[in-house]
Amino acid sequence: MTGAVEVAAAIAGTQRRIRPALRPPRGSGLPAKYHLFVKDSLTHFSFQSEGSAKHVQLGLNHNQGASVLIRPISVRTTILAAGAMFAFSGCIDEKIVFRDRELFNPPPDSVSGFLGYFNVSDRVTTCGNCHSEKQAAWEQTHHADATLSLEESGEAQEFCYGCHTVSEKGNAVTVVAGYNAVKDSAYHDVQCESCHGPGYLHVQSVLAGSVVRPLASIAVDTGLTNGCGECHAGEHQPFVEQWAESKHGYGGHAYAAEGGNASCYRCHEGRKAIQYNFGNTNDFREKADTAVAARMPIVCATCHDPHDPQNEGQLRAPLGEPSLNQLCVRCHSRTGAPTPGAATRRGPHSAQGRLVIDEAVGWIPPGFAFDTNDVVGSHGTTANKRLCASCHVYMYQVTDASTGNFLLNSVGHTFEAIQCLDAQGLPAAGPCTDAQRNFKGCAISGCHLTETAARTAFQTVRTRMNYLTDVLWADDGDAVMESTDGGLLPKVLANAIAAGNRNEMNLYDTKLTTAEGAIWNAQLASTHQREFWLNFVISGQNTCTTAGCTTGGGANTGHYSSGEGVHNPFLLEALLLGSIEAVKAQYAVSAPPFESTPQLIMPPRVRRIQQ
């Protein structure tokens, strides 16, 4: 035995006494006198000592190789006789020792009750005394260096500190508090309480056996005095302003309409998306509110995990992984190909991600001439290290062209690729011409050498998509497919009506014909210059009563998926060429002469299949 040991166990909110080993693990650097705290379960341990904080590995009978955190505390002991509850490896003493010190310091700002750091020099938050796993994760985030990074920037001003310290910013407190009230180093950095609010009542309630839970809010909007947007706003960080304009935010309306629909809310309602796409069931203030008015768009916390530093920007999934696990693809991958035995009147639905990575997308025509195992461009590979975000979350600084004065740090949270710009270079809503769009992100991402090259490639791909979809159907401007319109499909429609076979082009029945498969691929490839593909009526479409066939003459819809063709130009071109050839062969109709060989250069590994 090398010295007295005191032990306290905080298990499920109670104090329990346990019997420890008295010999510190060899090589751990632990002094003879040390202290054991057991948190949440008997498999999570936190050792504390008179020394400096450190992580060590312990060899334990109950949980071999557990990771523990060493922190300094003061020592006061009472020795009690008791039997063993469980034993660790090493020498065993028959004595149990417990401590009776406070787990928190008096709050510097006693009015608000913000506790801040428990140990400033080691950056151990008071919350981290119990929530050690959250403390360990938080230490790896930029929030943990918020004060230091501000001061090292050389641009620190007094008004900056409210968002770089624990204060009333980011939580429900509405009066000057924390660092803004008391300039104490305990409030440095963006700590747990910055989002959860003051912890004083919480720690008191834990000791009293009646827990008050300081839940954080995930609500976001401009002007809110709570949540992420209270700090991540303004000309230097206009995250909330740009988000509010976007379709993820209040610029989109699906969250209100579809937020109660179980087949839709997993991607359209912010709270449900956290649960169903990322498996996160943590509580927050708004979680249990079922009112229609409480439905949320895709808020910051939907994509960003405040507690997990594993991915860039504390995102809930990786950005650069070209798979269905990628952050954006989790939602942007709902319906890429026709479902056998189901009507196709709704067309492709949020298929952008599937197109980018070539994953179960498109109707494959009979005799399709390309190997479909890997028809993908550089946009959808690890060569594009941020995948969707390379184009859709491009950040840049705007300065006044005449004075050079700073105007805005655009943070890319409109999520518009090649954003429209106004005369000063500031993001604009559009519509706009190609010359008014920002192609800088395409050039610096490594995909294109210059902005001009990127713009030229964009225009070339879009023109090719328009050209090939027009071969299938060239609408006369009324978004109604009629036998008098141009293209192959109106000829198929005319022949079907003449033969009394109107279901040949009825997207409401459950039989998928060649003509309907071609429509699916045209919808997948359609551009903003051919939007009729995403909401049109087929003249003479039959009314039917069979299962799965609900009406005739109804609208056929689809979601914009192609990104003007750039999401995967090679695959889209191949699908359209294959569809055209299949329609010509199946229905014995002909098209005016057109360029039927691929014009877009396929990746080297993609090959034509020998027929």
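Predicted model, so just to flag it, every value in this text is computed and none were measured. Along each chain, residue indices are assigned from 1 in the same order as the chain's sequence is written. Totals for whole chains, interfaces and linings use all residues, but because this is a predicted model, local features are given only for residues with pLDDT of at least 70 and pairs of side-chain atoms are given and counted only at 80 or more. Side-chain numbers here rest on the full set of heavy atoms in the structure, without hydrogens or water.

A. Local environment of the state of the cysteines. We call a pair of cysteine sulfur atoms a disulfide when they lie within 2.5 Å. Counted under the stated rule, the structure contains three disulfides. Across the disulfide, Cys420 is cross-linked to Cys432 (sulfur-sulfur distance 2.0 Å). With the S-S dihedral at roughly -80 degrees, the linkage between Cys420 and Cys432 falls on the left-handed side. With a gap of 12 residues between them, Cys420 in the loop between β12 (406–410) and α13 (440–444) and Cys432 in the loop between β12 and α13 connect regions that are remote in the sequence. Relative accessible area serves as the criterion here: at 5%, Cys420 is assigned to the buried category. The structure places no disulfide on Cys192, whose sulfur is separated from the nearest cysteine sulfur, that of Cys127, by 4.1 Å. Only DSSP runs of H or I with at least four residues qualify as helices, and only runs of E with at least two residues qualify as strands; both kinds are numbered from the N terminus onward. Throughout this description, buried means an accessible area under 20% of the type-specific maximum (1.4 Å probe, protein chains only), exposed means over 50%, and partly exposed covers the range between.

B. Just the environment of Val203, in detail. As for its position among the elements, Val203 is in helix α5 (residues 200–208). The exposure class of Val203 is buried, given its relative accessible area of 18%. Contact between two residues is taken to exist if any of their heavy atoms lie within 4.5 Å; hydrogens are not considered. Not counting residues within four places of it along the chain, the set of residues in contact with Val203 comprises Phe104 and Leu115.

C. Helix α17 (residues 569–587), seen in detail. The end-to-end C-alpha separation of α17 is 27 Å, in line with the 27 Å expected for 19 residues at 1.5 Å each. Among the 19 residues in α17, 15 count as buried, and that is most of the element. Positive backbone phi, at 55 degrees, marks Ala588, one or two positions downstream of α17. Multiplying 1.5 Å by the residue count of a helix minus one yields the expected span of that helix.

D. Up close: the sheet that holds strand β13 (residues 480–481). Within the open sheet, the three strands sit side by side as β13-β14-β15. Their pairing is mixed. A strand with exactly one partner marks an edge of an open sheet, and here the two such strands are β13 and β15 (556–557). In the sheet, strand β14 (residues 535–538) pairs with β15 via two bridges, with the strands oriented antiparallel. Counterpart to Asn535 in the pairing with β15 is Thr557. Contacting β13, β14 and β15, helix α16 (residues 514–525) crosses the sheet at an angle of about 160 degrees to β14. Strand pairing is assigned whenever DSSP detects at least two bridges linking the two strands. Angles shown run from 0 to 180 degrees and are taken between the N-to-C directions of axes, each axis being a line fitted to C-alpha atoms and, for helices, limited to the stretch in contact.

E. Broad picture of the pairing of strand β11 (residues 396–399). Along β11, the buried face is formed by Tyr396 and Val398; none of Gln397 and Thr399, which line the opposite face, is buried. Of the strand pairs in this sheet, β11 and β12 are connected by four bridges, and their pairing is antiparallel. In the strand pairing of β12, Gln397 is matched with Asn409. Hairpin connection between β11 and β12: a loop of six residues separates the two successive antiparallel strands, and Gly404 in this loop has a positive phi of roughly 80 degrees.

F. Inspection of the packing of aromatic side chains at higher detail. Stacked, tilted and edge-to-face are the three classes assigned to paired rings of Phe, Tyr and Trp, where Trp is represented by its six-membered ring and a pair needs centres within 6.5 Å; plane angles under 30 degrees give stacked, over 60 edge-to-face, the rest tilted. According to the stated counting rule, one finds 13 aromatic pairs in the structure shown. Geometrically, the ring pair formed by Tyr117 and Trp138 is edge-to-face, given 6.1 Å between the ring centres and 65 degrees between the ring planes. Of this pair, Tyr117 sits in strand β9 (residues 117–119) while Trp138 sits in helix α1 (residues 132–138); the two residues are 21 residues apart in sequence, bridging distant segments of the chain. Judged by its relative accessible area of 9%, Trp138 is buried. The side chain of Lys272 reaches across the aromatic face of Tyr265, ending 5.0 Å from its centre. We count a charge as sitting over a ring when the NZ of a lysine or the CZ of an arginine lies within 6 Å of the ring centre and within 35 degrees of the ring normal.

G. Expanded view of α16. Here α16 contains 12 residues, and its C-alpha end-to-end distance of 17 Å stays within 8% of the 16 Å for a straight helix at 1.5 Å per residue. Taken across its 12 residues, α16 has 12 buried, putting it largely inside the fold. Burial in α16 covers these residues: Thr514, Ala515, Glu516, Gly517, Ala518, Ile519, Trp520, Asn521, Ala522, Gln523, Leu524 and Ala525.

H. How the structure looks around the side chain of Asp485. Examined against the element boundaries, Asp485 turns out to sit in the loop between β13 and α15 (488–498). One buried charge, Asp485, has no salt-bridge partner; the nearest side chain with opposite charge is Arg530, at 12 Å. Think of a polar contact as two N or O atoms within 3.5 Å of one another; within protein, one of them needs to be a possible hydrogen donor and the other a possible acceptor, and neighboring residues in sequence only count if both atoms come from side chains. For Asp485, the side chain forms a polar contact with the side chain of Trp473, separated by 3.0 Å. If near-sequence neighbours (up to four positions away) are discounted, Asp485 is found in contact with Trp473, Ala474, Asp475, Asp476, Val480 and Pro490. Counting rule applied: Lys, Arg positive; Asp, Glu negative; His and chain ends not counted. A side-chain nitrogen of Lys or Arg and a carboxyl oxygen of Asp or Glu constitute a salt bridge if their distance falls within 4 Å.

I. Molecular detail of the packing of helix α14 (residues 451–472) against α17. Two elements in contact, α14 and α17, have axes whose closest approach is 10 Å; the angle formed by their N-to-C orientations is 15 degrees. What the angle tells us is that α14 and α17 run roughly parallel. In this structure, the crossing between α14 and α17 has a hand that is left-handed. Of the residues in α17, those in contact with Val461, Arg464, Met465, Leu468, Thr469, Val471 and Leu472 of α14 are Pro569, Leu572, Glu573, Leu576, Leu577, Ile580 and Val583. Looking at the contact of α14 with α17, its residues break down into 11 nonpolar, one polar and two charged. Should an angle lie under 35 degrees it is considered roughly parallel, over 145 roughly antiparallel, and from 65 to 115 roughly perpendicular; all remaining angles are considered oblique. Handedness of each helix crossing follows the sense of rotation of the near helix against the far helix: counterclockwise by less than a right angle gives left-handed, clockwise gives right-handed. Any residue outside Ala, Val, Leu, Ile, Met, Phe, Trp, Tyr, Cys, Pro, Asp, Glu, Lys and Arg is labelled polar, Gly included; the first ten of those are nonpolar and the last four are charged.

J. Main features of the pattern of salt bridges. Counted according to the given criterion, the structure contains 12 salt bridges. Arg213 serves as the salt-bridge partner of Asp283, at 3.0 Å between the closest nitrogen and oxygen. Taken together, the residues Asp283 in the loop between α9 (270–278) and α10 (300–303) and Arg213 in the loop between α5 and α6 (239–245) connect sequence positions 70 residues apart. In this structure, Asp305 engages Arg316 in a salt bridge whose closest nitrogen and oxygen atoms are separated by 3.4 Å. Of this pair, Asp305 sits in the loop between α10 and α11 (352–357) while Arg316 sits in the loop between α10 and α11; the two residues are 11 residues apart in sequence, bridging distant segments of the chain. Residue Asp305 is classed as buried on the basis of its relative accessible area, which comes to 12%. With a relative accessible area of 16%, Arg316 lands in the buried category.

None of the figures reported here should be taken as evidence of function without further support.
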